[in-house]
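# Structural description and commentary
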There are 2 protein chains.
Amino acid sequence: MKEFFKVVDLETARARSTAFDQVASGRVALASANGRVLACDCTANVDLPGFRRSTMDGYAVCAKSTFGASESAPALLAIVGSVEMGESTGVRVAPGQAARILTGGMVPSGADAVVMVEHTEPIDDVTIEVTRAVAPRQNVIEPDDDVARGSTLLSRGTRLRPQELGLFAALGSSEIEVFNRPVVAVISTGDEVVPIDVAPSPGEVRDVNSFTLAAMVERAGGIPRPCGIVGDDFDRLLSACRAALEEADTVLLSGGSSVGARDLTLEVLEALPDSRVLLHGVAIKPGKPTILADVGGRAFFGLPGHVASAMVVFHVLVRHHLEHIAGARSKPVLRIPARLSRNVASVHGRQYFLRVRLEVRDGRLNAIPVLGKSGLIRTMVDADGLVEIGRDIEGLQVGATVLVETL
Amino acid sequence: MKEFFKVVDLETARARSTAFDQVASGRVALASANGRVLACDCTANVDLPGFRRSTMDGYAVCAKSTFGASESAPALLAIVGSVEMGESTGVRVAPGQAARILTGGMVPSGADAVVMVEHTEPIDDVTIEVTRAVAPRQNVIEPDDDVARGSTLLSRGTRLRPQELGLFAALGSSEIEVFNRPVVAVISTGDEVVPIDVAPSPGEVRDVNSFTLAAMVERAGGIPRPCGIVGDDFDRLLSACRAALEEADTVLLSGGSSVGARDLTLEVLEALPDSRVLLHGVAIKPGKPTILADVGGRAFFGLPGHVASAMVVFHVLVRHHLEHIAGARSKPVLRIPARLSRNVASVHGRQYFLRVRLEVRDGRLNAIPVLGKSGLIRTMVDADGLVEIGRDIEGLQVGATVLVETL
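Residues numbered from 1 in each chain as written. Chains lettered and ligands numbered in written order. Predicted model: local features only at pLDDT ≥ 70, side-chain atom pairs only at ≥ 80, totals over all residues.

### Here's the deal with the packing of helix α3 (residues 209–219) of chain B against helix α6 (residues 307–325) of chain B
Residues and elements named next belong to chain B. It is at 10 Å that the axes of α3 and α6 come closest, and there the two elements cross at 15°. The orientation of α3 with respect to α6, classified from their angle, is roughly parallel. When the axes of α3 and α6 are compared, the crossing they make is right-handed. Across from Asn-209, Thr-212, Leu-213 and Met-216 in α3, the residues of α6 making contact are Val-307, Ala-310, Met-311 and Phe-314. The residue inventory of the contact of α3 with α6, partitioned by class, reads 6 nonpolar, 2 polar and no charged. (Axes fitted to C-alpha atoms, helices over the stretch in contact; angles between N-to-C directions. Helix = DSSP H or I, 4+ residues; strand = E, 2+ residues; numbered from the N terminus. Parallel < 35°, antiparallel > 145°, perpendicular 65-115°, else oblique. Left-handed = near helix turned anticlockwise from the far one by under 90°. Contact = placed C-beta atoms within 7 Å. Nonpolar A, V, L, I, M, F, W, Y, C, P; charged D, E, K, R; others polar.)

And the structure:
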């Protein structure tokens, strides 16, 4: 099977890994929708705030009653009542009149602006002087200033932040339709891998990838399903993959950095029903020996066994896949510029993801390359982010400005 | 009480809001520690990987057996065995000898490097030619390359990411000591505020702040405790605050943008036992009418009622307080440079937090100011981030590079 595949660039790999269907959606309580992805467009069914609202403590007036008013020539207005918070008042304000109002209060009919209390002087219980003119609409929020009925406020695919929840709260939506969180099975493979509560014998290592990958799935908004460790054995691996595919939207299999182990993964994929290998090898470093298959419409990633490689491939590829199947609209990736602290050689023919630590020196943000083999977890612990170095770049000089994507 | 206070700058407000004790800590399962804050230093109790490990498929050799080897003058080595994955082999490699090994395998004693299989030619079942020399330690990870026993790997106050969980997994720590998540009570006040499942009458508004603030608490790593809506009534507010202080580490009270409502908050604070107002007024826009008190060692924030103001104050002040009491070490804030799309006037005497939308135009990231009063939730929904404009800055010109902190 493998001879039909050649190494593809990251862009191609991303395109193939995002050609999967989105997960289903369902209704959740608004209070638990933080960070979820909206599954429908949100159109306003009302105006908000729905009434003319004061943004100041003061007096509701007809603006024109104050035109020309100043410290030396104040306007004299008759107080005709007070607005209680949360109530619509029966008071009507005519020219030459004013009604007491607090911040957030409903501006009474007839009034079209609010004079701040600081710009008034009480004359007696029923009269004030206004010492500064207000324009119509000054210090008020109009009934549809926040939201106009019928307008589209949010579209399907929006990742919900606190403010979006606030908008739904304002609209009275106590339940909303969001995409399900993708369920992601995580399988570790390798005869040398032991559970973390076992003391490894010489030649054995503890199962790190299950923890790093599950946590990355969680961070990406998915639900990780750790499936334990499977030895390098065709039958056991096949049955573990079958079980994983039954409950998961996506399967991550890590381990098998040896050619034999990768071949075993490919054999298992071939034996799974309705499977098609989409890529085998990506022109990135670290992470070249990455496999992606479509198994009955679900994505199956074979990730490198080296812990840092698996994490980088998750970050640059799997994460984009999960964003896509989770229904999220793609947004521009935000990178932070920093000064490279030393020369870095590029990697011929591959896009290089350099791990860097960020440190402020002399008031400038510096990107300090973290050196070390991709089998070392410490290289990821020491890193704050990744710098992408294109395959056509010959290397970077100390002092160059690089763009850092945080990890 | 209020006459003793004057408006302070944000730096002073931050210093006062971080002068609170940290919350307690406890042990949690490693798999649920993602995003938590480490409550102890982590020192390595072992070397990792603990044995010399191959990073390639090939042959374990004494490097010096290959010195001078080339395509035209290959070195001839005798195969003395194979290394099985996950096992320490009885094989010993002497000069002139080689042992088959896979990526991740344990390098047998005597060998100090691995020759990649691509740089070998099989001659017969027991002999290979090596066509490229390797240096000692080439293609191997030394026993303490990842972690050296006794070294300090992580310090108290580290916010744990997937890679830190991976490090603990490698060390066999299935439980770790982390700070508790701060419990944050959220109280909405105002006679005009109604629950979100109630249709507001004219003059009433739905309770937006409970949702935005609870979600921001969650994002900041805390546990929100929504306490509902309390009218502008001394007794009811006092008893709500007492109840909140019993179960929470920090209390957020929002609403009361009118002077009277703020005075009510101050009266309630005065009536609470062991309370001390630490600040009343911060020189920021939006968010000036912010109150902070110490009530029996717990922080009590009085936030502005305007929804966008409350969110900005959370972002620039409360978040820092929560990071501090959660035990997290402060890290440099990472801001993204963008091109300002229009002139912006500054605000005299106050640090101004301009809401901006980020948009890529002509390949450049643009920061587009989101205009609108701070009572409008839409201004936060439209915003991707905040730009801080110092109180001494006279305004910013279109085209200026601004630094955006994402929301």
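### Describing the interface of chain A and chain B
A common way to state how big an interface is: give the accessible area lost once the parts meet. Taken together, the contact between chain A and chain B spans 74 residues of the former and 74 residues of the latter. Secondary structure elements with two or more residues in the side of chain A that touches chain B: α2 (162–171), β15 (205–206), α3 (209–219), α5 (259–271), α6 (307–325), β22 (336–340) and α7 (378–381) of chain A. A total of 8 residues in the side of chain A that touches chain B trace back to one element, the largest contributor, which is α2 of chain A. Its residues assigned to classes, the side of chain A that touches chain B shows 36 nonpolar, 21 polar and 17 charged.

### Some details on the domain arrangement of chain A
Residue and element names in this part refer to chain A. As assigned here, chain A comprises domain 1 (2–24 + 181–325), domain 2 (25–48 + 145–179), domain 3 (53–141) and domain 4 (336–406). Domain 1 and domain 4 are separated by 26 Å when their C-alpha centres are compared. Across the contact, 15 residues belong to domain 1 and 14 residues belong to domain 4. For the side of domain 1 that touches domain 4, the secondary structure elements donating two or more residues are β19 (284–285) and α6. With 7 residues, α6 is the largest single contributor of residues to the side of domain 1 that touches domain 4. A per-class count over the side of domain 1 that touches domain 4 returns 10 nonpolar, 3 polar and 2 charged. (Domains from an automatic or database assignment.)

### A few points about the pairing of strand β25 (residues 364–369) of chain A
Residue and element names in this part refer to chain A. Pairing analysis gives 2 bridges linking β22 to β25, with the strands arranged parallel. Bridge pairing in β25 links Leu-340 to Ala-367. As judged from the 6 bridges shared by strand β24 (residues 351–361) and β25, these two strands associate in the antiparallel manner. Each bridged residue has a counterpart across the sheet, and for Val-360 the counterpart in β25 is Leu-365. Here β24 folds back onto β25, and the loop between the two strands holds 2 residues, one of which, Asp-362, carries a positive phi near 50°. (Pairing = 2+ DSSP bridges.)

### What to know about the sheet that holds strand β7 (residues 113–116) of chain B
All names here are of chain B. Read from one edge to the other, the open sheet built from 6 strands follows the order β7-β4-β6-β5-β9-β8, with strand pairing classed as mixed. Here the strands that pair on one side only, and so sit at the sheet edges, are β7 and β8 (120–124). Ignoring which end each strand starts from, the neighbouring axes of this sheet average 40° apart. Judged from the 4 bridges that link them, strand β5 (residues 75–82) and strand β9 (residues 127–130) form a sheet pairing that is antiparallel. Bridging across to β9, Ala-78 finds its partner in Thr-127.

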